[in-house]
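Read off the chains here:
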Amino acid sequence: MQKNTSTLLQTYLQYQGSPFSDPGFSAPELQLSSLPPAAVSFQTWHALGDQERLGHAQGAFLALTQHLQLVGDDQSDLNPGSPILLAQLGAARLRAQGLLGNVAAIMAALGLPIPPEEDTLGFVPFGASAFQRKCRGYVVTREYGHWTDRAVQDLALLKAKYPR
């Protein structure tokens, strides 16, 4: 899954044109208020309790599922002749949904409350320019990779804490 996130980001950038497809493109300052960033200090991350850790992952992958659908819709409009990109975005959305379900199952197994699903996108500006939609897609595909990496670490920590 982690390899797929890197491939998705590179494919996404390739299809957006300059400046996104320029070598070394990075814009870490770009964020979306409707998508929680995965970045957190190591000390903060390590101090999270099970409920917080899983709750953060559950909220992130719920938001990512919805955002990946939006990015897929945007790219269908912006890059209709890009079946590889559209397929990768669809597969990423399905993987995010699967991880969301797995996190909910782990929470249930641990007796933790599962937060209700909600609309994390809120109102989407349908008049967004092509550049704004490309920026939004960049942030979503980048954060999808970061959250996947963090989820792997979260689950490894929980696996060590609760061996079979």
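Everything in this summary refers to the structure shown in the same document. (Residues numbered from 1 in each chain as written. Predicted model: local features only at pLDDT ≥ 70, side-chain atom pairs only at ≥ 80, totals over all residues. Heavy atoms only, no water.)

Moving on, we come to unusual backbone geometry. The linkage connecting S18 with the following residue, P19, adopts the cis geometry, with an omega of 5°. For P19, the position within the fold is in the loop between α1 (2-16) and α2 (42-47). (Helix = DSSP H or I, 4+ residues; strand = E, 2+ residues; numbered from the N terminus.)

On to the environment of E52. Relative to the helices and strands, E52 is located in helix α3 (residues 50-78). For the pair E52 and L112, spaced 60 residues apart in the sequence, the C-alpha separation amounts to 10.0 Å.

Moving on, we come to the nonpolar core. In terms of nonpolar packing, the biggest core is built from 28 residues, with F61, L64, L68, Y138 and Y144 touching the most fellow members. Beyond its immediate chain neighbours, meaning those up to four positions away, Y138 contacts L9, Y12, L13, F20, F25, S26, A27, P28 and L30. (Core = buried A, V, L, I, M, F, W, Y, C linked by side-chain atoms within 4.5 Å. Buried < 20%, exposed > 50% of the residue type's maximum accessible area, 1.4 Å probe, protein only. Contact = heavy atoms within 4.5 Å.)

Okay, the packing of aromatic side chains next. Under the defined criterion, the tally for this structure stands at 4 aromatic pairs. On the numbers, 5.1 Å between centres and 70° between planes, the contact of F25 with Y138 is edge-to-face. Of the two residues, F25 sits in the loop between α1 and α2 while Y138 sits in helix α5 (residues 130-161), which places them 113 residues apart along the sequence. Put simply, the rings of F20, F25, F131 and Y138 pair up and form one aromatic cluster. In this arrangement the basic side chain of R53 is found over the ring face of W45, its NZ or CZ atom lying 4.8 Å from the centre. (Phe/Tyr/Trp six-rings, centres within 6.5 Å; stacked < 30°, edge-to-face > 60°. Lys NZ or Arg CZ within 6 Å of the ring centre and 35° of its normal.)

It is worth stressing that arrangement in space is one thing and function is another; only the former is reported here.
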